[in-house]
Amino acid sequence: MEENIYKDLNDKAGFSTYRIGITIHKKHSLKELNTLVEPYFLYVEKELALKDYTKQYFILGGELEDIQKFKSMFK
């Protein structure tokens with residue numbers, strides 16, 4: 001499996017089963033995140049509630065190729 005990308009084996013629907021975790025600063029909104037990932041056909045699977053008050057943690061879902069394209073933006 002590619003670094004930081006994993007297949008969700010518990011996804012019963014079997015649609016877009018690949019996931020990647022990301023961190024963003026809290027100054028950015030969920031709406032901004034959705035706007036960023038939409039062109040890559042990704043979606044916010046889950047927001048993780050952690051005790052860091054300056055950052056937000058999300059799990060994004062999508063097809064492997066789409067996640068790879070999204071991830072390549074940050075290299």
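What counts, and at which threshold
- Residues numbered from 1 in each chain as written.
- Predicted model: local features only at pLDDT ≥ 70, side-chain atom pairs only at ≥ 80, totals over all residues.
- Heavy atoms only, no water.
- Helix = DSSP H or I, 4+ residues; strand = E, 2+ residues; numbered from the N terminus.
- Rg over C-alpha atoms; globule rule 2.2 N^0.38 Å.
- Buried < 20%, exposed > 50% of the residue type's maximum accessible area, 1.4 Å probe, protein only.
- Contact = heavy atoms within 4.5 Å.
- Areas by Shrake-Rupley, 256 points an atom, 1.4 Å probe, with all protein chains shown as cover.
- Lys, Arg positive; Asp, Glu negative; His and termini not counted.
- Charge placed at Lys NZ, Arg CZ, Asp CG, Glu CD.
- Arc of directions from axis to C-beta.
- Phe/Tyr/Trp six-rings, centres within 6.5 Å; stacked < 30°, edge-to-face > 60°.
- Core = buried A, V, L, I, M, F, W, Y, C linked by side-chain atoms within 4.5 Å.
- Patch = residues over 30% accessible without salt bridge, like charges linked within 9 Å, V, L, I, M, F, W, Y side chains within 5 Å.
- Salt bridge = Lys/Arg side-chain N within 4 Å of Asp/Glu carboxyl O.

**Side note on the overall build of the protein**
Per the secondary structure count, the protein includes 2 helices and 4 strands. Seen in sequence order, the protein has helices and strands lined up from the N terminus as β-β-α-β-β-α. Its C-alpha radius of gyration of 12 Å places the protein within 12% of the 11 Å reference for a compact globule of 75 residues. C-alpha extents for the protein along the principal axes are approximately 35 × 25 × 20 Å. The buried share of the protein, reckoned over its 75 residues, is 33%. Considering only intrachain contacts with a sequence separation of at least 6, the fraction spanning at least 24 residues in the protein is 59%. Summed over its atoms, the accessible surface of the protein is roughly 5500 Å², and 55% of this surface lies on carbon and sulfur atoms. Between the centroid of the 12 positive side chains of the protein and the centroid of its 12 negative side chains there is a distance of 5 Å.

**What to know about helix α2 (residues 64-72)**
Helical periodicity: at 3.6 residues per turn, an α-helix aligns residues three or four positions apart in one direction. Among the residues of α2, L64, D66, I67, F70 and K71 are the ones counted as buried. Each buried residue of α2 lies within a common arc of 160 degrees when the element is viewed along its axis, so the set occupies one face. Of the surrounding secondary structure, the elements contacted by the buried residues of α2 are β1 (5-7), β2 (18-25), α1 (30-37) and β4 (55-62).

**Some thoughts on the packing of aromatic side chains**
Throughout the structure, instances matching the rule amount to 1 aromatic pair. Considering the side-chain rings of Y40 and F70, the 5.6 Å spacing of their centres and the 75 degrees angle between planes classify their relative orientation as edge-to-face. Remark: F70 occurs in helix α2 and Y40 occurs in the loop between α1 and β3 (43-48); sequence separation between them is 30 residues. Residue classification places F70 among the buried residues on the basis of a relative accessible area of 2%.

**Focus: the nonpolar core**
Looking at soluble globular proteins, one finds that nonpolar side chains tend to be buried together. I22, L33 and L60 are the most contacted members of the largest nonpolar core, which totals 13 residues. Counting only elements with at least two residues in this core, the list comes to β2, α1, β4 and α2. Top element by residues in this core is β2. It accounts for 4 residues. Leaving out residues up to four positions away in the same chain, L60 has contacts with Y18, R19, I20, I22, L33, V37, L42, Y43, V44, E45, I67 and F70.

**Concerning a nonpolar patch on the surface**
Judged by side-chain polarity, L36, M73 and F74 come together as a nonpolar surface patch covering roughly 290 Å² of accessible area. Among the structural elements, M73 can be located in the segment after α2. Among the residues examined, M73 registers a relative accessible area of 36% and is labelled partly exposed.

It is worth stressing that arrangement in space is one thing and function is another; only the former is reported here.
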